[in-house]
Amino acid sequence: MSFSQDVKQEIAGHIPQSRSGALACLSAMFIQCGHRNALYEGRPALVFQTENINAATMCFTLLKKTFNIYIDVCVRKAHTVQYILKVSGNDALQVSESVAVGNDADAFKSVILDDADEKRAFITGAFMCSGSMSDPLHSYHFEVVCSNGFQAEFLRNVIDSFDIDGKIVIRKKYHVVYVKEGEQ
């Protein structure tokens, strides 16, 4: 297992205790790996899809703890294993009223991070879904891959709020937020 996977496995066991922290973490997770599905079995739905079992486990736990709702879990095996969580009907409406979904500019307008705990929870959710980290014993490198500039800029600003100098680079069609300085 990679160092990143070890870290994600450990983080998955540390669920934010406050409701606001849980919502911040879920917002980041749904921004990174979620989308609104027009209909699922005839009802409006939210879908969370990842290849990382730790991210899927954490998202499932946060949804159950925060909303106490039914979640349809599907594991799809093709070239890679996909973990898919589906929330539909009134449950989907309840979640989407509290959590940012999608990665367009409008999704970020609904994310309000009032304190350091909520900001940490947001960074955690983003890292769990699309982040990686190298072993600090070799050379420190932390990054989160974002699908667009809005997403990357928002995440970098959250990281910068801790006096950590986050940077953005474009790789292929993705925006990558990264931190290289281990001292930070």
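Everything discussed here concerns the structure shown above.
Residues numbered from 1 in each chain as written. Predicted model: local features only at pLDDT ≥ 70, side-chain atom pairs only at ≥ 80, totals over all residues. Heavy atoms only, no water.

Trainee: Help me understand the overall build of the chain, please; the structure alone is not making it clear to me.
Mentor: Along the backbone of the chain there are seven helices and eight strands. Rg of the C-alpha trace for the chain: 16 Å, near the compact-globule value of 16 Å for 184 residues, within the 12% margin. Its C-alpha atoms put the chain at 50 × 35 × 35 Å along the principal axes. For the chain, the residues scored as buried account for 47% of the 184 residues in total. Pairs at least 24 residues apart make up 65% of the contacts formed inside the chain by residues separated by at least 6 positions. Just so you have it, the chain exposes about 9,700 Å², and 52% of that area is on carbon and sulfur atoms. Of the side-chain charges in the chain, 18 are positive and 21 negative, and the distance between the mean point of each set is 7 Å. (Helix = DSSP H or I, 4+ residues; strand = E, 2+ residues; numbered from the N terminus. Rg over C-alpha atoms; globule rule 2.2 N^0.38 Å. Buried < 20%, exposed > 50% of the residue type's maximum accessible area, 1.4 Å probe, protein only. Contact = heavy atoms within 4.5 Å. Areas by Shrake-Rupley, 256 points an atom, 1.4 Å probe, with all protein chains shown as cover. Lys, Arg positive; Asp, Glu negative; His and termini not counted. Charge placed at Lys NZ, Arg CZ, Asp CG, Glu CD.)

Trainee: Any chance you could explain the environment of Phe142 here in plain terms?
Mentor: Positionally, Phe142 belongs in strand E6 (residues 142-146). When the C-alpha positions of Phe142 and Gly131 are compared, they lie 7.4 Å apart, and in sequence the two are eleven residues distant. The contacts of Phe142, once residues within four sequence positions are left out, are Ile123, Phe127, Ser132, Met133, Ile159, Val177, Tyr178 and Val179.

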